[in-house]
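# Residue-level structural notes
Residue strings, one per chain:
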Amino acid sequence: MAHKGKSVCVYCGSRPGVRPAYAEAARATGAMIARNGWRLVYGAGDVGIMGEVSRAATEAGAEAMGVIPVHLVAREQGRRDLARFVITENMHERKKVMFMNSDAIVMLPGGAGSLDEFFEVLTWRQLGLHDKPILLVDTEDDWAPLAALLAHVVAEGFAEETLLGTVRRVGDVPALEAALKEAMA
């Protein structure tokens, strides 16, 4: 059965990170998604801040769609108690399924996998393949180095200035909620 409401794809770490604020932001994001009646689309893991956001969302009543490649089911402890649990053959298929089933992209703190997901949707946006909002939750200025890198890429002539307008940094979950409501209205 197809989901009829809005869906928010959340990219984030399968590890907890070193700051308690990361898990707090993940839990607040999950609860906020539920409060707004949106569906969570995420990587299906039950570890790290990925697990935090999914548990908070589902405990608060959100529908959740988890998408995980077969080779990560054991490593990321794939949650099978979701409204929708999709096992893909590989990471490429995972990213495509997550993207196609979402109306907005949110990135919480994470590692190389989260950055890979982010840069793929950013590239697609830059190429005009979609116009979904891309939001970075800048927990304790976590994404300041990424914002500086993007500005550097533009300053060095490797991207148009418009690239910087395709990503919005928000300082906390209340600002994320307001930005998502505006973008998905």
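So, here's what we can say about the structure. (Residues numbered from 1 in each chain as written. Predicted model: local features only at pLDDT ≥ 70, side-chain atom pairs only at ≥ 80, totals over all residues. Heavy atoms only, no water.)

## Some details on the pairing of strand S6 (residues 134-137)
Because side chains alternate across S6, one face comprises the buried residues Ile134 and Leu136, and the other comprises Leu135 and Val137, equally buried. Pairing of strand S5 (residues 104-107) with S6, which is carried by three bridges, proceeds in the parallel orientation. Bridging across to S6, Ile105 finds its partner in Ile134. Sheet analysis places S6 next to strand S7 (residues 167-170), joined by four bridges and oriented parallel. Across the sheet, Ile134 pairs through a bridge with Val167, a residue of S7. The parallel pair S6 and S7 is bridged by helix H5 (residues 144-155), and the resulting crossover is right-handed. (Buried < 20%, exposed > 50% of the residue type's maximum accessible area, 1.4 Å probe, protein only. Helix = DSSP H or I, 4+ residues; strand = E, 2+ residues; numbered from the N terminus. Pairing = 2+ DSSP bridges. Right-handed = clockwise from strand over helix to strand, strands pointing away.)

## A word on the side chain of Thr29
Positionally, Thr29 belongs in helix H1 (residues 20-35). Judged by its relative accessible area of 0%, Thr29 is buried. Discounting chain neighbours no more than four positions away, the residues touching Thr29 are Val10, Val53, Leu108, Val173 and Leu176. (Contact = heavy atoms within 4.5 Å.)

## Notes on H1
Because each turn of an α-helix spans 3.6 residues, side chains separated by three or four positions in sequence point in the same direction. Between its terminal C-alpha atoms H1 stretches 23 Å, which fits the 22 Å expected from 16 residues at 1.5 Å a residue. Where H1 is concerned, the buried positions are Ala21, Tyr22, Ala23, Ala25, Ala26, Thr29, Gly30, Met32, Ile33 and Ala34. Taken together, the buried residues of H1 touch strand S1 (7-11), strand S2 (39-42), helix H2 (48-59) and helix H6 (173-183). Remark: Gly37 follows H1 within two positions and exhibits a positive phi of approximately 75 degrees. (Expected span 1.5 Å × (residues − 1).)

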